[in-house]
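Residues per chain are reported as follows:
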Amino acid sequence: TCSPRNGSRTSPAFVIGDGRLIYGKSVSGERELWSIDSADVVTQETEHLTSCATVVAIDIEGNRRIESEAIRARIRTQVGDRLNRSAIARDVGEIYGLGFFRTVDVLADDQEGGVRLVFQLEENPVVREISITGNDNVKSDKIRDILTLTTGSSLDHPLLHENKTRIEQLYRAEGYYLAKVDFKIEEATEGAVAVDFEVSEGEKLKLRRIEFEGNE
């Protein structure tokens, strides 16, 4: 049936972020959240919601630099749809995939005729400064020329790792085959960070001989 369990009126809330699903009930106006680790438990607890609740409104909160319309373009759930966990998870993945947000949470609150979905977002900080340390034998300008991470852009962790690899490849091209690169992120101001690429150059190696085996 579509009636809540135990005969009590519940205020459902789905929070989906970083791969975790949390189911909440409104208690005296305050939301109490429990982590759900078992997919079976989630299904049992939310079965009546996913099959009965209708989406009557969709709101977006927390975005400051990113336009709401750009976010809405990634949300396929529409007003009038039945609330569906798989569809919500897909929408969260689409928004998170933009690369602009640290967290993407979705809450569903009771409204007359159904539920209101609220996409609560926390934007990634802006990269305010990029520094390079430990590079005694390769000039900073030469390293900066191959970086795709730029100041003024949103912090993007996959891009950070890509640029770490770029620096290591540059060092290998210079003969520093043992060079290792790490990065450190520090808060600069509210909503902004400084990124420092830390280089451990190692010893420059010379290729003395190439041997081929098995080419008889």
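Our subject is the structure that appears above.
Only a predicted model underlies this, so the values are computations on that prediction, with no experimental measurement involved. (Residues numbered from 1 in each chain as written. Predicted model: local features only at pLDDT ≥ 70, side-chain atom pairs only at ≥ 80, totals over all residues. Heavy atoms only, no water.)

(A) Inspection of the overall build of the chain at higher detail. The number of helices and strands found in the chain is five helices and nine strands. Counting every position in the chain, which comprises 216 residues, the buried fraction comes to 37%. In the chain, the proportion of contacts linking residues at least 24 apart, taken out of those at least 6 apart, comes to 57%. Accessible area of the chain: about 13,300 Å², with a carbon and sulfur share of 44%. (Helix = DSSP H or I, 4+ residues; strand = E, 2+ residues; numbered from the N terminus. Buried < 20%, exposed > 50% of the residue type's maximum accessible area, 1.4 Å probe, protein only. Contact = heavy atoms within 4.5 Å. Areas by Shrake-Rupley, 256 points an atom, 1.4 Å probe, with all protein chains shown as cover.)

(B) Here's a closer look at the sheet that holds strand β6 (residues 114–123). Ordered by their spatial adjacency, three strands build an open sheet running β4-β6-β5, and the pairing between neighbours is mixed. Each edge of the open sheet is held by one strand with a lone partner, namely β4 (55–61) and β5 (101–111). Taking each pair of neighbouring strands and ignoring which way they run, the sheet shows an average axis angle of 15°. Relative to β6, β5 runs antiparallel, the two being bridged by ten bridges. Counted as the bridge partner of valine 106 is phenylalanine 119 from β6. Sitting on the sheet, helix α3 (residues 85–96) is in contact with β5 and β6, with an inclination near 145° to β5. (Pairing = 2+ DSSP bridges. Axes fitted to C-alpha atoms, helices over the stretch in contact; angles between N-to-C directions.)

(C) Spotlight on the nonpolar core. Ile143, Leu149, Leu160, Ile167, Tyr171, Val195 and Phe197 are the most contacted members of the largest nonpolar core, which has 20 residues in total. Among the elements of the structure, β7 (126–133), α5 (157–173), β8 (180–189) and β9 (192–200) are those that each provide at least two residues to this core. Membership of the second largest hydrophobic core comes to 19 residues, among which are Val55, Ile71, Ile75 and Leu117. (Core = buried A, V, L, I, M, F, W, Y, C linked by side-chain atoms within 4.5 Å.)

(D) Molecular detail of α3. Helix length check: α3, at twelve residues, gives a terminal C-alpha distance of 16 Å against a target of 16 Å (1.5 Å per residue), a fit within 8%. Taken together, the buried positions of α3 are Ala87, Ile88, Asp91, Val92 and Ile95. Each buried residue of α3 lies within a common arc of 140° when the element is viewed along its axis, so the set occupies one face. Its side-chain oxygen at 2.8 Å from the backbone nitrogen of alanine 87, asparagine 84 defines the N-terminal cap of α3. (Expected span 1.5 Å × (residues − 1). Arc of directions from axis to C-beta. Polar contact = N/O pair within 3.5 Å; in protein donor to acceptor, adjacent residues only side chain to side chain.)

(E) Molecular detail of the sheet that holds β8. Strands sit in the order β7-β9-β8 across an open sheet of three strands; the sheet is mixed. The open sheet has two free edges, formed respectively by β7 and β8, since each of these has just one partner strand. Geometrically, the sheet is characterised by an average inter-axis angle of 20° between neighbouring strands, direction not taken into account. Sheet topology places β7 next to β9; seven bridges connect them, and they run parallel. If you follow isoleucine 130 over to β9, its bridge partner there is valine 195.

(F) Focus on a nonpolar patch on the surface. On the surface, a nonpolar cluster with roughly 280 Å² of combined accessible area is contributed by Tyr177, Leu178 and Leu205. Looking at the element boundaries, leucine 205 is found in the segment after β9. (Patch = residues over 30% accessible without salt bridge, like charges linked within 9 Å, V, L, I, M, F, W, Y side chains within 5 Å. Salt bridge = Lys/Arg side-chain N within 4 Å of Asp/Glu carboxyl O.)

(G) Focus on the packing of aromatic side chains. Counted under the stated rule, the structure contains two aromatic pairs. Aromatic pair tyrosine 171 and tyrosine 176: ring centres 5.6 Å apart, planes at 75°, arrangement edge-to-face. Each member of the pair, tyrosine 171 as well as tyrosine 176, carries the same accessibility label: buried. (Phe/Tyr/Trp six-rings, centres within 6.5 Å; stacked < 30°, edge-to-face > 60°.)

(H) Quick look at the environment of phenylalanine 101. Counting through the fold element by element, phenylalanine 101 comes out in strand β5. A residue is classified by how much of its surface remains accessible, and phenylalanine 101, at 2% relative accessible area, is buried. C-alpha of phenylalanine 101 to C-alpha of asparagine 63: the two residues are 38 residues apart in sequence and 8.7 Å apart in space.

(I) View of the pattern of salt bridges. Counted under the stated rule, the structure contains ten salt bridges. A salt bridge links glutamate 122 to arginine 102; the nearest nitrogen and oxygen atoms lie 3.3 Å apart. Placement of glutamate 122 in strand β6 and of arginine 102 in strand β5 is noted, with a sequence separation of 20 residues between them. Relative accessible area serves as the criterion here: at 35%, glutamate 122 is assigned to the partly exposed category. In this structure, lysine 164 engages glutamate 168 in a salt bridge whose closest nitrogen and oxygen atoms are separated by 3.3 Å.

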